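Understanding the architecture of this molecule
So you can see what is in the structure, the chains are spelled out below.
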Amino acid sequence: MTKLRVALLFGGCSGEHEVSITSAKAIANALSIDPNPSKYEVVPIYIEKNGVWHRGTEAEAVLESGQPLTVTGEVIPSDRIPDPATVKDIDLWFPILHGPNGEDGTVQGMLTLMQVPYVGSGVLGSAVGMDKIAMKMAFSQAGIPQVRYQAVRRSQVWSNPCIFPKLCDDLDAALGYPCFVKPANLGSSVGISKVRSRQELEAALDAAATYDRRIIVEAGVEARELECAVLGNDYPKASVVGEISYNSDFYDYETKYTDGKANLMIPAPIDTAIASKVRDMAIEAFLAVDAAGLARVDFFYIEKTGEVLLNEINTLPGFTALSMYPQLWSATGISFPELVNQLIELALERHTQAAEAR
Ligand SMILES: Nc1ncnc2c1ncn2[C@@H]1O[C@H](COP(=O)(O)OP(=O)(O)OP(=O)(O)O)[C@@H](O)[C@H]1O
Ligand SMILES: C[C@@H](N)C(=O)O
Ligand SMILES: [Mg+2]
Ligand SMILES: [Mg+2]
């Protein structure tokens, strides 16, 4: 049988670069477990933090060591797209890029133009699923309950001294404290601050503005945190529901990626009615942004009132050893090696449908 040559695309110009390397290592490992090696040949392709693409020994070394390449020297723009000669043998692309320039529709646009199959959401699903303001607008249109929020532009934060205080007055009055200030297009809690005072609000807005032109400020809720994994294209399935608990202030970067800091409970110790609601909402969220292949949907469960609020969708969720997505499927009966096999099959299904429609 001829093997499908699968490009594992990782790294990227993103604050989640290191997480992407760890996710890619785990996926490469899953592709090395039987029966996957009889079907797939893995070709690692690494995108440096400065956007330069590498195939071959450099990409393999990053995957092996888990360490990013150090950015050096001047970059010409054409180094930031694949050299056609070096990728013409690729049969299918598996982007495992988190955050901007990879999870947000940019790479998906390039692969769509190339008319090649790739794992995960297309341009629209990726872009809407990445931007927390756009995603919330889509969710609210779909009638999915969420926390109160306000969208902020960087130009309002880095503005003249009259606009900024007025912005903070408005946020103060509308959302109160604690609130969460987030760059709209990022993940792994990078750039997020939990804010308890006016002074902290000002600093948090300034910090978020260093990451993104678009910022979201959300009312803080005291809630249990639930996550649900989705798999499929037109008829997506939801996994069992998981819960995360931790002792830190919130589920921040360090808590997410330091072994032993967060406790993952799968399945979550919640009523079946709540689990069923979460699973239904996860699928509604997936369809609302036009996701495909995979997504992990994050929720707040306010036990006192029984309310379940949708926090966000992640169209390229983490696959690290501490990440929920593969663990949720494993608990649902799909092993990690079988999961990556199904993701590849879903990519092929979507590609065939797109080709038939052309
Ligand atoms: N409105 C909120 N109320 C209470 N806690 C919040 C709120 N928003 C975020 N948090 C806390 O911050 C964490 C990160 O938020 P969020 O999931 O939006 O960020 P992210 O960077 O997209 O994370 P990831 O993509 O890694 O899941 C949440 O898991 C939660 O602990
Ligand atoms: C990778 C990270 N953004 C996640 O959602 O798991
Ligand atoms: Mg996220
Ligand atoms: Mg999240």
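For the chain, the name recorded in an unreviewed UniProt entry is D-alanine--D-alanine ligase, with Limnospira maxima CS-328 as its organism. A UniProt comment under Subcellular location (unreviewed entry) is attached to the chain, and it reads "Cytoplasm".

Things to note about the overall build of the chain
Within the chain, the secondary structure is distributed over 14 helices and 13 strands. Each principal axis of the C-alpha atoms in the chain carries an extent, and together these give about 65 × 55 × 45 Å. Going through the 358 residues of the chain one by one, you find that 52% of them count as buried. The long-range share in the chain, meaning contacts at least 24 apart out of those at least 6 apart in sequence, stands at 70%. Here the chain holds 30 positive side-chain charges and 45 negative ones, and the gap between their average locations is 2 Å.

Section: the coordination of the magnesium ion (ligand 3)
In this structure, Glu312 (OE), Glu312 (OE) and Asn314 (OD1) serve as the protein donors to the magnesium ion (ligand 3), at separations of 2.1 to 2.4 Å. Here the magnesium ion (ligand 3) and the magnesium ion (ligand 4) are spaced 3.9 Å apart, and both take Glu312 as a donor. Taking relative accessible area as the criterion, Glu312 reaches 9% and is therefore assigned buried. Judged by its relative accessible area of 9%, Asn314 falls in the buried class.

Topic: the sheet that holds strand E10 (residues 237-246)
Within the open sheet, the 5 strands sit side by side as E11-E10-E9-E12-E13. Their pairing is antiparallel. In this open sheet, the two strands that pair with only one neighbour each are strand E11 (262-265) and strand E13 (307-314). For this sheet, the mean angle separating the axes of adjacent strands, direction not counted, is 30°. As paired elements, strand E9 (residues 224-232) and E10 share 6 bridges and run antiparallel to each other. Bridge pairing in E10 places Leu231 opposite Lys237.

Let's talk about the site of ligand 2
Neighbouring residues of ligand 2: Glu16, His98, Gly187, Ser188, Tyr257, Arg296, Asn314, Pro317 and Gly318. Between ligand 2 and Glu16 there is a distance of 2.8 Å, counted from a nitrogen atom to a side-chain nitrogen or oxygen. Protein contacts shield 93% of the accessible area of ligand 2, which totals 220 Å² for the unbound molecule. The cavity that encloses ligand 2 is the largest pocket. Per-class residue counts for the shell around ligand 2 are 2 nonpolar, 5 polar and 2 charged.

Remarks on the confidence of the model for the chain
For the chain, per-residue confidence averages 97 on the pLDDT scale, and residues scoring 70 or more make up 100% of the total. Both scores are available for the predicted complex, with the pTM at 0.98 and the ipTM at 0.99.

Quick look at the layout of surface pockets
Taken as a whole, the largest pocket encloses approximately 840 Å³ of empty space. Taken together, 48 residues form the lining of the largest pocket, with Ser189, Glu225, Tyr251, Lys256 and Asn311 sitting closest to its centre. Contributing elements (two or more residues each) for the lining of the largest pocket: strand E6 (179-183), strand E8 (214-219), E9, E10, helix H11 (253-257), strand E12 (293-302) and E13. Looking at the lining of the largest pocket, the element that brings in the most residues is E10, giving 4 residues.

Considerations on the site of ligand 1
Taken together, 23 residues are adjacent to ligand 1, and Lys132, Lys182, Ser189, Glu225 and Lys256 come closest. In the model, an oxygen atom of ligand 1 is placed 2.8 Å from a nitrogen or oxygen of the Lys256 side chain. Between ligand 1 and Asn314, the relevant distance is 2.8 Å, taken from an oxygen atom to a side-chain nitrogen or oxygen of the residue. Taking 620 Å² as the accessible area of ligand 1 by itself, protein coverage stands at 96%. Listing elements by their share of the shell around ligand 1, those giving two or more residues are E6, E8, E12 and E13.

Digging into the pattern of salt bridges
One pass over the structure, following the stated rule, counts 19 salt bridges. Note that Glu41 and Arg5 form a salt bridge whose closest N and O atoms lie 3.5 Å from each other. Residue Glu41 is found in strand E2 (residues 40-47), and its partner Arg5 is found in strand E1 (residues 4-11); the two are separated by 36 residues along the sequence. It is possible to trace a salt-bridge network through shared partners that takes in Arg5, Glu41, Arg55 and Asp89.

A few points about unusual backbone geometry
That bond from Tyr177 to Pro178 is cis: its omega, -5°, falls within 30 degrees of zero. For Pro178, the position within the fold is in the loop between helix H9 (163-175) and E6. Along the chain, Ile266 connects to Pro267 via a cis peptide bond; the corresponding omega equals -5°. Position of Pro267 relative to the elements: it lies in the loop between E11 and helix H12 (272-288). The phi angle at Asn101 is positive, at roughly 60°, despite the residue not being glycine. Here Asn101 shows up in the loop between strand E4 (92-95) and helix H5 (106-114). For Asn101, a relative accessible area of 35% puts it in the partly exposed group. For Ser189, which is not glycine, the phi torsion reads 65° and is therefore positive. Relative to the helices and strands, Ser189 is located in the loop between E6 and strand E7 (193-195).

What counts and how
- Residues numbered from 1 in each chain as written.
- Chains lettered and ligands numbered in written order.
- Predicted model: local features only at pLDDT ≥ 70, side-chain atom pairs only at ≥ 80, totals over all residues.
- Heavy atoms only, no water.
- UniProt positions renumbered as here; feature names shortened; annotations may be inferred.
- Helix = DSSP H or I, 4+ residues; strand = E, 2+ residues; numbered from the N terminus.
- Buried < 20%, exposed > 50% of the residue type's maximum accessible area, 1.4 Å probe, protein only.
- Contact = heavy atoms within 4.5 Å.
- Lys, Arg positive; Asp, Glu negative; His and termini not counted.
- Charge placed at Lys NZ, Arg CZ, Asp CG, Glu CD.
- Donors = N, O, S within 2.8 Å, 3.2 Å for Na, K, Ca; no water.
- Pairing = 2+ DSSP bridges.
- Axes fitted to C-alpha atoms, helices over the stretch in contact; angles between N-to-C directions.
- Near = heavy atom within 4 Å.
- Polar contact = N/O pair within 3.5 Å; in protein donor to acceptor, adjacent residues only side chain to side chain.
- Areas by Shrake-Rupley, 256 points an atom, 1.4 Å probe, with all protein chains shown as cover.
- 1 Å grid on protein atoms, 1.4 Å probe; cavity = no way out; pocket = protein on both sides within 12 Å on 5 of 7 lines; lining within 4 Å.
- Sits in = over half its atoms within 2 Å of the grid points.
- Nonpolar A, V, L, I, M, F, W, Y, C, P; charged D, E, K, R; others polar.
- pLDDT = per-residue confidence, 0-100.
- Points joined across faces, edges and corners; volume = space filled by probe spheres on them.
- Salt bridge = Lys/Arg side-chain N within 4 Å of Asp/Glu carboxyl O.

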